[in-house]
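# A structural walkthrough
Here's the letter readout for the chains.
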Amino acid sequence: MQKIIFFTLLLFLLTSCSGRTEQIPPEPENGYVEQENNGGYEIPIIEETPVPVETPKPEIPRYNEYRITLDVDPSERTVSGISHITFTNRASVELDEIVLRVYLNAFSEGVEPPPVFSELEWRAFPNGQDYGFLEIQNAFLDNEPLEFELDETILRLILPEPLEPYATVQLLLQYNARVPKIAHRTGGNDYALWFGMFLPVLSVFDKENGWFTREHYPAGNPFFVETASFRVDVTTPARFVVAGTGSRTEEVIGDTDTKITSFAAHQARNFSFAVSPYFQYAHTSTQSGIDIHFYYYTETLPIDDILDTARKSMEFFEERVGPYPLGHVTMAEADLLQDSASFSQMVFVDSWYLARGGRYWAMAHGLGNQWLANIIGTNRVEEPWLTEGLTRFIQTGFFYQTPDELRERMERDRASIEERTTLFLNRGLEASPNWAHYAHAHGRKAMLMVYSLYNRMGDELFWEFINEYYQAFSFGIATQNDFIGLAEELSGENLREFFDEWLTVGTVPELP
């Protein structure tokens, strides 16, 4: 006991003299870079045997940071950009390279797999095939030229010497890009340009498997990224309105015809934006104070209906999942292959879909993805059901709020896919030969699985589980094992057989 007191006092005196000591976070068991969700790291236990006092290590940045300048020429659909990236190696191993994803290059000519299924090319390219690209001109590491390799959507920065764990470096990329005239998550028409997953973004590193470099598949949302901070300046002609992720300011440069629109976003998984000289603006707010900004160019849209559905769906997801912590979300009209596309604090909604009117099912889904795809991160290439099935179940509950209505809708969805035998949820996007298969498996079947879990756990315990899941993995990354493990912990049941029946079998089980 005297030894414990002596070394406790010694440690107190040393840390008092040297300032605050930051503990290096332990490497997470699942290998992914872990975000700090609990407000601090675990306090180490002081052993009874003497231990040497280590020199305090510098504080580790919680997130990577992007400082970006973009010069957009809307008439040519081109962009020149510079990205300053502050990157910290949060893994417990040295890195020989740093990998970024350049998803715009999925729309280059000859890329395999192509970004669009052949049966949907008519919708994606209403005016004929058009291609886009992003070319890296130069790369620098701490102001020194850096060797790089760009292979379609994978950019490898070759480090001159290994980067030690917890070391931080400054990267700089210079690039030129062209936006294709396509109805997709990045694209353009005669009224606007929109940029979803457009910028080079750091990939995810797993110490067991290395950098995540899976292909960009034409199904679903083939992305896997971490949260970061973004500060972005977008230069356009002065008459253009720019809407994007994060808080927004704009400034016209002197007497010129040039405007800079600036954005700041923290704990975002990407930065997305849209540009148009025709944008009009509408706004609403939820009861909790979330601002919903809507930019549109079609004057005949039913604006009141759109905003009413957006507001009510945001309120419903807040009630069911948990508080939305980012203050606002922006929606922008675009031409899309699907009816909506969701990114951090940004949802693009298809023009034809908006004009058609109705219940705006897909728009509610895109807003729900703010919680379950952007605040909670998942591997949407290998485990797409984890986002899509859960979002779809909650979204369906928004439109069918009584138990009988919800049950009837679930029975109809099951009947629509009950004859199918290849709907394996434990297979990623590569297993979907067309969009319908993806929608049936990771949309409908995954939703029915979550509904069955809801019935098994009961209403009160299930929503407690969803709240716990949201709190535990906000701004981090969740896996299906995390989801299943938490459900087992809260229910006190072994649910492996239940999940195996849904995940590993291609048919659709009966609903409980």
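Residues numbered from 1 in each chain as written. Predicted model: local features only at pLDDT ≥ 70, side-chain atom pairs only at ≥ 80, totals over all residues. Heavy atoms only, no water.

Across its full length, the protein chain carries 11 helices and 23 strands. Split into buried and exposed, the 512 residues of the protein chain put 55% on the buried side. For the protein chain, the proportion of contacts with a sequence separation of at least 24, taken over those separated by at least 6, is 71%. With an accessible surface of roughly 22900 Å², the protein chain has 48% of that area assigned to carbon and sulfur atoms. (Helix = DSSP H or I, 4+ residues; strand = E, 2+ residues; numbered from the N terminus. Buried < 20%, exposed > 50% of the residue type's maximum accessible area, 1.4 Å probe, protein only. Contact = heavy atoms within 4.5 Å. Areas by Shrake-Rupley, 256 points an atom, 1.4 Å probe, with all protein chains shown as cover.)

On to the sheet that holds strand β9 (residues 186-188). As summarised here, the arrangement of the four strands in space is β9-β10-β18-β15, forming an open sheet in which the pairing is antiparallel. A single partner strand is all that each edge strand has here, and the edge strands are β9 and β15 (241-244). Within the sheet, the average angular offset between the axes of one strand and its neighbour, ignoring direction, is 10 degrees. Here strand β10 (residues 193-195) runs beside strand β18 (residues 273-276); their pairing, made up of three bridges, is antiparallel. Paired with Phe195 across the bridge in β18 is Phe273. (Pairing = 2+ DSSP bridges. Axes fitted to C-alpha atoms, helices over the stretch in contact; angles between N-to-C directions.)

Let's shift gears to the pairing of strand β19 (residues 280-285). Sheet topology note: the β19/strand β20 (residues 291-296) ladder contains six bridges and is antiparallel. Looking at the pairing, Tyr281 lines up with Tyr295 of β20. The loop that links β19 with its antiparallel partner β20 comprises five residues; one of these, Gly289, has a positive phi angle of about 100 degrees.

This next bit is on the pairing of β18. Side chains Phe273 and Val275 of β18 all project onto a buried face; the interleaved residues Ala274 and Ser276 project onto the opposite face, where all are buried too. Sheet topology note: the β15/β18 ladder contains four bridges and is antiparallel. Its bridge partner lying in β18, Ala243 is registered against Ala274.

Right, let's get into the pattern of salt bridges. Under the criterion given, the structure shown has 24 salt bridges. Across the salt bridge formed by Glu430 and Arg214, the nearest N and O atoms sit 2.9 Å from each other. Linking Glu430 in the loop between α7 (403-417) and α8 (435-457) with Arg214 in the loop between β13 (210-211) and β14 (228-237), this pair joins segments that are 216 residues apart in sequence. Given a relative accessible area of 42%, Glu430 falls into the partly exposed group. Accessibility expressed as a relative area gives 22% for Arg214, which makes it partly exposed. Linking Glu418 and Arg414 is a salt bridge whose minimum nitrogen-to-oxygen distance equals 2.9 Å. (Salt bridge = Lys/Arg side-chain N within 4 Å of Asp/Glu carboxyl O.)

Turning to the side chain of Ser313, a few remarks are in order. Examined against the element boundaries, Ser313 turns out to sit in helix α3 (residues 303-320). If we skip the residues at most four places from it in the chain, Ser313 touches Ala364, Leu367 and Phe398.

This part covers the confidence of the model for the protein chain. Of the residues in the protein chain, 89% reach a pLDDT of 70 or more, and the chain-wide mean stands at 90. Contacts for the low-pLDDT stretch residues 1-51, under 50 throughout, to residues beyond four places or in other chains number 55 contacts. (pLDDT = per-residue confidence, 0-100.)

Side chains of nonpolar character tend, in soluble globular proteins, to be buried together. Residues Ile98, Phe273 and Phe348 are the most contacted members of the largest nonpolar core, which totals 88 residues. Membership of the second largest hydrophobic core comes to 74 residues, among which are Leu307, Met314, Trp385 and Ile394. (Core = buried A, V, L, I, M, F, W, Y, C linked by side-chain atoms within 4.5 Å.)

As for its placement among the helices and strands, Gln345 is situated in the loop between β22 (340-343) and β23 (346-350). The spacing of Gln345 and Gly327 is 18 residues in sequence and 9.2 Å in space, taken between C-alpha atoms. Sequence-distant contacts of Gln345, that is, excluding residues within four places in its chain, are made with Thr245, Gly246, Ala265, Tyr324, Leu326, His328, Val329, Thr330 and Gln370. Only 3.1 Å separates the side chain of Gln345 from the backbone oxygen of His328, close enough to count as a polar contact. (Polar contact = N/O pair within 3.5 Å; in protein donor to acceptor, adjacent residues only side chain to side chain.)

Before going further, it helps to examine unusual backbone geometry. Residue Pro113 is bonded to the preceding Glu112 through a cis peptide linkage, with omega at -5 degrees. Within the secondary structure, Pro113 sits in the loop between β3 (95-101) and α2 (121-124). For Glu152, which is not glycine, the phi torsion reads 55 degrees and is therefore positive. Summarising the element assignment, Glu152 is placed in the loop between β6 (147-151) and β7 (154-163). Overall, the relative accessible area of 36% leaves Glu152 in the partly exposed class.

Moving on: the packing of aromatic side chains. The final tally for this structure, using the stated rule, is 40 aromatic pairs. For the pair Phe316 and Phe398, a centre-to-centre distance of 5.6 Å together with 50 degrees between the ring planes defines the contact as tilted. Residue Phe316 is found in helix α3, and its partner Phe398 is found in helix α6 (residues 385-399); the two are separated by 82 residues along the sequence. Each member of the pair Phe316 and Phe398 is classed as buried. On the numbers, 5.6 Å between centres and 25 degrees between planes, the contact of Phe317 with Trp371 is stacked. Of this pair, Phe317 sits in helix α3 while Trp371 sits in helix α5 (residues 361-375), and the two are 54 residues apart along the sequence. The rings of Trp385, Phe393, Tyr451, Tyr454, Phe462, Trp463, Phe465, Tyr469, Phe473, Phe483, Phe498 and Phe499 are connected pair by pair, giving a single aromatic cluster. The ring of Tyr400 has Arg359 sitting right over it, with the charged end atom 5.0 Å from the ring centre. Across the ring face of Phe424, the terminal group of Arg427 is positioned such that the distance to the ring centre comes to 3.8 Å. (Phe/Tyr/Trp six-rings, centres within 6.5 Å; stacked < 30°, edge-to-face > 60°. Lys NZ or Arg CZ within 6 Å of the ring centre and 35° of its normal.)

Right, let's get into the packing of α6 against helix α9 (residues 459-473). Angle between the axes and distance between the axes are the two parameters that describe a pair of packed helices. Across the interface, α6 lies against α9 with an axial gap of 14 Å and an inter-helix angle of 135 degrees. Taken together, the axes of α6 and α9 lie oblique to each other. Of the two elements, α6 crosses α9, and the hand of that crossing is left-handed. Across the interface between the two elements, Leu386, Leu390, Phe393 and Ile394 from α6 touch Phe462, Trp463, Ile466 and Tyr469 from α9. Residue composition of the contact of α6 with α9, by class: eight nonpolar, no polar and no charged. (Parallel < 35°, antiparallel > 145°, perpendicular 65-115°, else oblique. Left-handed = near helix turned anticlockwise from the far one by under 90°. Nonpolar A, V, L, I, M, F, W, Y, C, P; charged D, E, K, R; others polar.)

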